[in-house]
Structures are given as structure tokens and as C-alpha cells.
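Each chain, letter by letter, is given below.
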Amino acid sequence: MNRALVISARDNVATALEALDAGTTIRIGDASVAVVDPIPRGHKIAIRAIHAGDAVVKYGSAIGTASADIPVGAHVHVHNVASGRGRGDLAARGAPDEPR
Amino acid sequence: MSAPARFLAFRRPDGRVGVRNHVLVVPTVICSAVVAERIAAAIAPVGTALPHLAGCGQLGPDMTVTHDTLAAYCRHPNVGAVIVVALGCEQVVAQRLADEARRHDKPAAIVAIQAEGGTVRATARGIDVARQMAATVADAERVWCDVESLVVSVKCGGSDYTSGLASNPAVGRVADRLVDDGGAVVLGEIAEIMGAEHLLAARASTPATATRLLRVITRVEAEAIALGLDIRGTQPAPGNIRGGLTTIEEKSLGAVHKAGERTPLADVVGYAAPITTRGLTVMDTPGLDVEAVTGMVGGGAQVVLFTTGLGTPTGNPIAPVVKITGNRRTAETMADNIDVDVSGIIAEGETIDRAADRLFGEMLEVCSGRPTVAERLGHREFAIYRRNPTF
């Protein structure tokens, strides 16, 4: 069983099928990815560098925008990805971007 | 899997097919809910009640939705007979509900608490009527029916990373196959289409259908924004986030898999409105599980395929809800709430197609009368979508 799964070739994240320890290396297709953060089972790991403001892509579609630079092997979750949908809090504040 | 799939069910006088044969006890209003539940309990499990919080103190569209949802259950093919339990001073009109049942050739009766002279007399009278109706519906026999007579609701709740990888794609294959065979599928939860609407709009049978889908999604998103609140307070839910889902877009992209990969989007309908088109219908329901299932069953779905990563008990008073998980741990720790385990898709390489074949067969068994775990445990959750304050 693969330790992490990439759903679409366009994706820049993989889903960990088991908990991954920082400092280990996993294979993603032909490439290997050095895990830099502990990744809980079911959570996402960056398989390409994602710059702040770039789309985070899973299932071949954008699931949100990186709110910080995300290096390869890092944990990708609510701390570094912002959703653009249903954000009444931003509309109320008049803020154009995800606050940091 | 080549011969046309069939199952044993009740063919109703209006031409529709029921997979259950309940005597439905409908309180018009919250005030008559306890009496209705006691009447239904006297003839359980044939008797089933629809306890709800509405029926009075409501205005405009909210009142209409309450009335229409209760009427939809009164005409539903899984129902063989109807007892309406009124208080006597409420807004919902008991006669209208009884008439709706009779229009679909179902026996119907009204018991009114104020007219009967209180809880004790109304309950006793209701139980008398219920026993007669239970004897009447027992005469109905199951006959072979084709899957083209099915409307299947697809739903996910308590989602985690396995939902988008395993259980939703497996349900999606079932949906595609059902539509190939002439059946209908209904998908609700507008908030959980947000971020994946482009995939469904691309499958719309006409540009007007795509426009209606996008319009209802825009309205729901605007409602969240108008509150000045961050929808992330509930979408994804805290448990979704612990399970690895980061944004509503990610949750939605995993969720829409359960509506199939190729079924055309044929129609977009309002809450609990009749599903009249074969193929895929999107219904305007909230994401909250019980309100969503209540609406889709009201639209005519006879059976619900419900995927869950974390596990959840939700059932329905008249429709069997089949629970499917792609999470091996949940299949073990929540075994009494799970009907079908498809975790082999992730763990052992069972193909999605093989899991879908298994699930299709399980669905037909349930449609032929085998109780789901939710039915065996007495899970009959029911809640009508409310959008306005109570007055």
C-alpha cells in the first residue's frame, strides 16, 4: 500500500494514508518526498513547493489558496490554506485577502 | 452484472414503487408530536411518526415548506396509510394532509386532540385507527420491480479523507449505473457543492439547468456572507478538519463524487419538491444531515445511500438509510451504525467497481425489505429546513 495518494496529475498535494513522521522519505510515483512536518493520517502533504497566493490543488481542482509559502514535504491544512468561499467575515471587514 | 436488476417492492396505485409499507402518523404541529409518537409506537415497526418542531408560528416561505414537506411524506410511496394528528388551532391544515394521501389512494384519517378531549382520549382513538390501518396495509404484497422505478438519495455526513477517496466514488458508480438503467438520483447539500459546482454545471443537460444550479449556490453563499460570518465555522465542521479536510472546496470536491462521474444534471428543484426527472437532480437543501435527508426523501427518494468517514447514526422515519464507510477504523469502532464497509478500496486494493457492485446488490436487498442498521436501531430522525425566525 502506498503511504500517500495523489488523485490527479495536476495536484500539488498528496493525502497521507497513514501517519507520516518528519524526517522520513516517502515515494510519490517516481519521485521521493522528504517529510518535513508530522502528517496525521488523512491529512495532506505538499508534493511541490506552493507559494503564498498560489492555488492548492487536489482532485485536479483548487481547494483554496496558500496563505503562506509551503515547502515540499510540509503539512498542508487550515494553518496555511485559505478558503475563498462563503467568507462573510471578510465581507464584513472589507478585507480583500485572508488575514495572517 | 448484466441482467436488468430487480427487487421486490410495493407497486402503488399512482404507479410509483414503495420499498417500505408504513402507516405514517403525522403531527400537524409540534404540539401534537407526543400523541403522534405514542400512536405510532402502538403499531411499531409498521407505524412511524414524523415528530417535528414546526407547524405554527411560521410565516411565508417557512410555513409553505413545512406544509409541503408534510404533504410530501403523506403521498410518499413508502407509506401505505396516513393518520394526521392535529391539535386544532394550528396553522398547518390537517385536512390538506389527509386529502394529499387520499389523492394517492392511501387510506387517511384525522385525529384532533382538542376535538377528542385531550391527550388520553386522542391517543386511545388514534391507536384504534392505527390498528385498523396496520391490518389494511398488511394486505399489500411485494412484487418484482425494475430499478428504473427507484429514486435514490445520495448523502454524506461525518466526512473525512476516506469519503472522497473511497465511499463517495463507490456510491457514484452506483449512481451512474442506476441512471444507465433508467433510475433517478438526487443530490442535496448546496453548501457542500460550493467549490465543485463547475463539475456539475459542465454535466448539465441544458444551459438553463446549469444556470439554475449556479443561481442556488450563489444564493446560499450570499446568505452566509450576509450574516457577516465565516462559513468555516461549520463548513468544514470541526470533525471534518480533524479528519484532514481543510476547506469547503475540498469537502465539496470529494462530496460530489457520490453523484456519479457522468450522469447528466437533469434538474434543480426546491426543498422536498417532487423529483420528476430521471438522471441526476440537485435539490436545494442545507448541509445538515437530517434536514437534507428529510428533504430528499420528501422529494420521492425511496432509499438513501449515506457515506460516512467518521460514522453517524442518522436514519429516516419512512426510508431506509444505508450507511457506507471507507474508513476501516470506523467500520470497527462504529460497527452498529455501518451497513457496508468499502475500506478495502484504500487498504487492500478492492477496486471501486467491485465495491460498487457489492453496494448495488446491498441496496436492492434493502429495497426488497431487509432492514438497515439504522432501522434496526430505531433511528428515525426527521427535521424540516427552517430559514426564518419563529413568531
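Residues numbered from 1 in each chain as written. Chains lettered and ligands numbered in written order. Predicted model: local features only at pLDDT ≥ 70, side-chain atom pairs only at ≥ 80, totals over all residues.

Colleague: Is there a simple way to explain the overall build of chain B in this structure?
Modeller: For chain B, the count of helices and strands is 15 helices and 14 strands. Over its C-alpha atoms chain B spans a radius of gyration of 20 Å, differing by no more than 12% from the 21 Å that the globule rule assigns to 391 residues. Each principal axis of the C-alpha atoms in chain B carries an extent, and together these give about 60 × 50 × 45 Å. (Helix = DSSP H or I, 4+ residues; strand = E, 2+ residues; numbered from the N terminus. Rg over C-alpha atoms; globule rule 2.2 N^0.38 Å.)

Colleague: Explanation requested: the overall build of chain A in the structure shown.
Modeller: For chain A, the count of helices and strands is 1 helix and 9 strands. For chain A, the sequential pattern of α-helices and β-strands runs β-β-β-β-β-β-β-β-β-α. Looking at the 100 residues of chain A, the share that counts as buried comes to 39%. (Buried ≥ 20, exposed ≤ 12 C-beta atoms within 10 Å, placed from the backbone.)

Colleague: Before we go on, may I ask you to explain the environment of Thr24 of chain A in this structure?
Modeller: With respect to the secondary-structure elements, Thr24 of chain A resides in the loop between strand S2 (13-16) and strand S3 (25-28). C-beta crowding within 10 Å serves as the criterion here: with 13 such atoms nearby, Thr24 of chain A is assigned to the partly exposed category.

Colleague: Would you mind going over the domain arrangement of chain B with me for this structure?
Modeller: It is common to give the size of an interface as the accessible area that goes away when the parts come together. Residue and element names in this part refer to chain B. Along its sequence, chain B is organised into domain 1 (22-137) and domain 2 (148-376). Placing the centre of domain 1 and that of domain 2 at their C-alpha centroids yields a distance of 29 Å. Of the residues lining the interface, 14 residues belong to domain 1; the matching set on domain 2 comes to 10 residues. Of all the elements in the fold, those that place two or more residues in the side of domain 1 that touches domain 2 are strand S3 (22-27), strand S4 (47-49) and helix H2 (60-74). Broken down by element, the residue count for the side of domain 1 that touches domain 2 peaks at 5 residues, all from H2. (Domains from an automatic or database assignment. Contact = placed C-beta atoms within 7 Å.)

Colleague: Looking at this structure, I do not really get the sheet that holds strand S8 (residues 75-76) of chain A. What am I missing?
Modeller: Working definition: the strands of a sheet are paired by backbone hydrogen bonds and lie parallel or antiparallel to each other. All names here are of chain A. A sheet is described by the order of its strands in space; here 4 strands give the open sequence S1-S2-S5-S8, paired in antiparallel fashion. For this open sheet the edge positions go to strand S1 (4-5) and S8, each flanked by a neighbour on one side alone. Strand direction decides the pairing type here: S2 and strand S5 (residues 44-46), joined by 3 bridges, are antiparallel. Each bridged residue has a counterpart across the sheet, and for Val13 the counterpart in S5 is Ala46. (Pairing = 2+ DSSP bridges.)

Colleague: Even after reading the chapter, I still don't get the environment of Ile338 of chain B, so can you show me in this structure?
Modeller: Here Ile338 of chain B is to be found in the loop between helix H12 (328-333) and strand S14 (340-341). Apart from the residues within four sequence positions on either side, Ile338 of chain B is in contact with Gly311, Lys323, Thr325, Thr330, Ala331 and Val373 of chain B.

Colleague: Can you help me understand the interface of chain A and chain B in this one?
Modeller: With 25 residues of chain A in contact, the opposing surface of chain B contributes 27 residues. When residues of the side of chain A that touches chain B are traced back to their parent elements, those giving at least two are strand S7 (61-66) and helix H1 (88-93) of chain A. Of the residues contributing to the side of chain A that touches chain B, the split by class is 11 nonpolar, 9 polar and 5 charged. (Nonpolar A, V, L, I, M, F, W, Y, C, P; charged D, E, K, R; others polar.)

Colleague: Before we go on, may I ask you to explain the pairing of strand S10 (residues 265-269) of chain B in this structure?
Modeller: It is a general feature of regular strands that their side chains alternate between the two faces of the sheet. Residues and elements named next belong to chain B. A large share of S10 lies buried, amounting to 5 of its 5 residues. By the bridge criterion, 4 bridges tie S10 to strand S11 (residues 279-283) in an arrangement that is parallel. By the bridge assignment, Val268 is partnered in S11 with Val282.

Colleague: What am I meant to see in the pairing of strand S9 (residues 184-187) of chain B here?
Modeller: All names here are of chain B. The side-chain alternation of S9 yields two buried faces, one formed by Ala184 and Val186 and the other by Val185 and Leu187. Looking at chain direction, strand S8 (residues 151-156) and S9 are connected through 4 bridges and run parallel. For Val152, the partnering residue across the bridge sits in S9 and is Val185. Once the chain exits S8 it traverses helix H6 (residues 161-180) before rejoining the sheet at S9, and the crossover so formed is right-handed. Two strands pair when backbone bridges link them, and S9 and S11 are joined in this way by 4 bridges, in the parallel orientation. Across the sheet, residue Ala184 finds its bridge partner in S11, namely Gly279. (Right-handed = clockwise from strand over helix to strand, strands pointing away.)

Colleague: Sorry if this is basic, but what is going on with the sheet that holds S10 of chain B here?
Modeller: Residues and elements named next belong to chain B. Sheet architecture is open: 7 strands sit in the order S10-S11-S9-S8-S12-S13-S14, paired in parallel fashion. Looking at the sheet topology across the chains shown, the edges are occupied by S10 and S14. Helix H8 (residues 207-226) rests against S10 and S11 of the sheet, and its axis sits at about 45° to S10. (Axes fitted to C-alpha atoms, helices over the stretch in contact; angles between N-to-C directions.)

Colleague: Which parts of the structure should I look at to understand unusual backbone geometry?
Modeller: Between Ala44 of chain B and the following residue, Pro45 of chain B, the backbone shows a cis peptide bond with an omega angle of 0°. The phi dihedral of Tyr59 of chain A falls on the positive side, at around 60°, and the residue is not glycine. Assignment of secondary structure puts Tyr59 of chain A in the loop between strand S6 (55-58) and S7. The exposure class assigned to Tyr59 of chain A is buried, which follows from the 22 C-beta atoms found within 10 Å. Despite not being glycine, Asp105 of chain B has its phi angle at roughly 60°, a positive value. Mapped onto the elements, Asp105 of chain B comes out in the loop between helix H3 (94-103) and strand S6 (108-112).

Colleague: It is not clear to me how the confidence of the model for chain B should be interpreted in this structure. Could you clarify?
Modeller: One rule of thumb: low pLDDT means the predicted coordinates there are not for detailed reading. Per-residue pLDDT for chain B has a mean of 94; in total, 98% of the residues score no lower than 70. As a predicted assembly, this complex carries a pTM of 0.93 together with an ipTM value of 0.89. (pLDDT = per-residue confidence, 0-100.)

Colleague: Can you help me understand helix H11 (residues 289-298) of chain B in this one?
Modeller: Working note: α-helix, 3.6 residues per turn, so residues spaced by three or four point in the same direction. Residue and element names in this part refer to chain B. Burial runs high along H11: 9 of the 10 residues are buried. Restricting attention to buried positions, one finds in H11 the residues Asp289, Glu291, Ala292, Val293, Thr294, Gly295, Met296, Val297 and Gly298. Downstream of H11 by a residue or two, Gly300 has a phi angle that is positive, lying close to 120°.

Colleague: What am I meant to see in the packing of helix H1 (residues 33-42) of chain B against helix H5 (residues 119-137) of chain B here?
Modeller: A packed helix pair is summarised by two numbers, namely the angle formed by the two axes and the spacing between the axes. Residues and elements named next belong to chain B. Where H1 meets H5, the closest approach of the two axes is 9 Å, and the angle between their N-to-C directions is 35°. Where H1 crosses over H5, the handedness of that crossing is right-handed. Of the residues in H5, those in contact with Val35, Arg38, Ile39 and Ala42 of H1 are Thr119, Ala122, Thr123, Gly126, Ile127 and Ala130. (Left-handed = near helix turned anticlockwise from the far one by under 90°.)

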